[in-house]
Amino acid sequence: MKHIQKLAALLAVIAGPAAAADEGKRVQITGEIMDTWCYFSGVMGGPDAVVGTAHHTCALWCSAGGIPVGLLGDDGTVYMVLKIEDDDGSAGGDTQLRLASHTVTADGMLYERDGLNYLVVEEVVEDFDIQVFNAEGYGTVPPFAIPEGDR
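## Topic: the overall build of the protein
(1) Moving on: A count of helical and extended segments in the protein gives four helices and five strands.
(2) Moving on: Along the protein, helices and strands appear, N-terminal first, in the series α-β-α-α-β-β-β-β-α.
(3) Moving on: Every one of the 151 residues in the protein was classed for burial, and the buried ones make up 38%.
(4) Moving on: When contacts within the protein are restricted to residue pairs at least 6 apart in sequence, long-range pairs at least 24 apart make up 69% of them.
(5) Moving on: Working note: accessible area of the protein is about 8900 Å², and carbon and sulfur atoms make up 57% of it.

The structure is reproduced here in structure tokens:
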């Protein structure tokens, strides 16, 4: 009997953190489906340069190349998208090319861990298409992405 109690206690200790990590909260967030690589690395410029029409082509390339997509909330919060609807491979790859740079309202589960926001989108409630038209200000390739000697 003591062995069973010890085993149960051990399992409770092991399962405790995993169970806590599984808790999420239902949210509905509106924002732009964005390219996480360029947004976080800064390789293409600041946050205003890696959204909308100025960054759409690159967002397509990154998504097709397997870079996970994110959702940039209207309040500026970034959510790493783990899954969109029923497609396990939808956070990166060519499955989400139709949503790159689109503003959407997403309904799903939010998981927060180690200061990061993870989103499992259960439904794209509304797709507003591309709403940020900034290519005129940045061009199709932002000037800061071209080496100075080649400008």
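So, next bit.
## With respect to the sheet that holds strand 3 (residues 78–84)
(1) Moving on: Spatially, the five strands close up into a barrel ordered 1-2-3-5-4, and their pairing is mixed. Sheet twist, expressed as the mean angle between neighbouring strand axes with direction ignored, is 55°.
(2) Moving on: Packing against the sheet, helix 3 (residues 52–64) makes contact with strand 1 (25–35), strand 2 (69–73) and strand 5 (116–130), and its axis sits at approximately 100° to strand 1.

## Section: the pattern of salt bridges
(1) Moving on: Enumeration according to the criterion identifies two salt bridges in this entry.
(2) Moving on: Notably, a salt bridge pairs glutamate 122 with arginine 26, separated by 2.6 Å at the nearest N-O pair. Of this pair, glutamate 122 sits in strand 5 while arginine 26 sits in strand 1, placing them 96 residues apart in sequence.
(3) Moving on: Within this structure, Arg26, Asp107 and Glu122 form a network of salt bridges that share partners.

## Points about the pairing of strand 3
(1) Moving on: Judged by how many residues are buried, strand 3 sits mostly within the fold: five of seven residues are covered.
(2) Moving on: Of the pairings in the sheet, the one linking strand 2 to strand 3 comprises three bridges and is antiparallel in character. Pairing of leucine 71 across the sheet is with tyrosine 79, part of strand 3.
(3) Moving on: Connecting the antiparallel pair strand 2 and strand 3 is a turn made up of four residues, with glycine 76 showing a positive phi of about 90°.
(4) Moving on: The pairing of strand 3 with strand 5 spans four bridges and is parallel. By the bridge assignment for strand 5, valine 81 is matched with leucine 119.

## Some points on the side chain of threonine 105
(1) Moving on: Summarising the element assignment, threonine 105 is placed in strand 4 (residues 102–113).
(2) Moving on: On the basis of relative accessibility, which here comes to 9%, the residue threonine 105 falls in the buried class.

## Points about the packing of aromatic side chains
(1) Moving on: If you walk through the whole model with that rule in mind, you get one aromatic pair.
(2) Moving on: Judged by centre distance (5.3 Å) and plane angle (85°), the rings of tyrosine 39 and phenylalanine 40 are edge-to-face.

## Regarding the state of the cysteines
(1) Moving on: Under the counting rule described, the total for this entry stands at zero disulfides.
(2) Moving on: The structure places no disulfide on cysteine 38, whose sulfur is separated from the nearest cysteine sulfur, that of cysteine 58, by 3.6 Å.
(3) Moving on: A residue is classified by how much of its surface remains accessible, and cysteine 38, at 2% relative accessible area, is buried.
(4) Moving on: You can see cysteine 62 has no disulfide; the closest cysteine sulfur is in cysteine 58, sitting 4.1 Å from it.

## Observations regarding helix 3
(1) Moving on: In a regular helix each residue adds 1.5 Å, so 13 residues correspond to 18 Å; helix 3 covers 17 Å between its end C-alpha atoms and thus fits that length.
(2) Moving on: The largest bend in helix 3 comes to about 35°, at cysteine 58.
(3) Moving on: For helix 3, the set of buried residues is Gly52, Ala54, His55, Cys58, Ala59, Cys62 and Ser63.
(4) Moving on: Directly after helix 3, the chain includes glycine 66, whose backbone phi takes a positive value near 100°.

Cut-offs used in this document
- Residues numbered from 1 in each chain as written.
- Predicted model: local features only at pLDDT ≥ 70, side-chain atom pairs only at ≥ 80, totals over all residues.
- Heavy atoms only, no water.
- Helix = DSSP H or I, 4+ residues; strand = E, 2+ residues; numbered from the N terminus.
- Buried < 20%, exposed > 50% of the residue type's maximum accessible area, 1.4 Å probe, protein only.
- Contact = heavy atoms within 4.5 Å.
- Areas by Shrake-Rupley, 256 points an atom, 1.4 Å probe, with all protein chains shown as cover.
- Pairing = 2+ DSSP bridges.
- Axes fitted to C-alpha atoms, helices over the stretch in contact; angles between N-to-C directions.
- Salt bridge = Lys/Arg side-chain N within 4 Å of Asp/Glu carboxyl O.
- Phe/Tyr/Trp six-rings, centres within 6.5 Å; stacked < 30°, edge-to-face > 60°.
- Disulfide = S-S within 2.5 Å.
- Expected span 1.5 Å × (residues − 1).
- Bend = angle between axes of the 7 residues up to and from the residue.

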